[in-house]
Amino acid sequence: LMALFGGFRAGINSWRLADSHVERNEPQLLLSRMLYRQMNQLKFSRTARESFRAALWESEKQGVFYLATADVLQYIAPPGLAVGEQHYLIELHNRPGGEPGIWFKAVPYDEQNKTESLDSFEEAGLELLSSEVELRFSYFIGGEWADELESGARPLLVKVDWRAEGRTWPSSIYRISGG
């Protein structure tokens, strides 16, 4: 009976340890998967506007990011598989105004009504995506990593460094694709 109870107790401890591990890593894993899907479905544009109104490329070139710094990334992509072909203007923001966590905003993007889409985006407020995890973006261009993109730049890769209070995860690197 004692051996059976000891085995049962060891099983419960093992279950708790596994559950704790999943709980600590789940927010980062979910966000990483979301970015992976979106970086593979980016909408390229030839539009030049400020922020979403001044893309980071020359108007003759195809570009992808509208704002790309260490703490902010703006792009157009479907937010998930459930929305089909609908694209959204999306912004991911790390610690806006010093607030902890990752924040985002997303509004539907209509190619035929760009002005209305851009106005809606500018009016939209940031929403908290994760209070537990923070990130930092960097961009691989010209054979080296940069913390932000200059006008006309189109990176080959985007790297995300993940961290939480007292914890860091390995960086995620996403190849830029889409169309």
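Keep in mind it's a predicted model, so treat the numbers as computed, not measured.

Definitions and limits used
Residues numbered from 1 in each chain as written. Predicted model: local features only at pLDDT ≥ 70, side-chain atom pairs only at ≥ 80, totals over all residues. Heavy atoms only, no water. Helix = DSSP H or I, 4+ residues; strand = E, 2+ residues; numbered from the N terminus. Buried < 20%, exposed > 50% of the residue type's maximum accessible area, 1.4 Å probe, protein only. Contact = heavy atoms within 4.5 Å. Areas by Shrake-Rupley, 256 points an atom, 1.4 Å probe, with all protein chains shown as cover. Polar contact = N/O pair within 3.5 Å; in protein donor to acceptor, adjacent residues only side chain to side chain.

Scanning the protein chain from N- to C-terminus turns up two helices and ten strands. The order of helices and strands in the protein chain, counted from the N terminus, is α-β-β-β-β-α-β-β-β-β-β-β. Looking at the 179 residues of the protein chain, the share that counts as buried comes to 40%. Taking all contacts inside the protein chain whose residues are at least 6 apart in sequence as the whole, residues at least 24 apart take part in 49%. Accessible surface computed for the protein chain: about 10500 Å², of which carbon and sulfur atoms make up 52%.

Considering the arrangement of structural elements, one finds asparagine 94 in strand E3 (residues 87-94). A polar contact is formed between the side chain of asparagine 94 and the backbone nitrogen of leucine 135, at a distance of 2.9 Å. The contact partners of asparagine 94, leaving out residues within four places of it in the chain, are Asp71, Gly101, Ile102, Glu134, Leu135 and Arg163.

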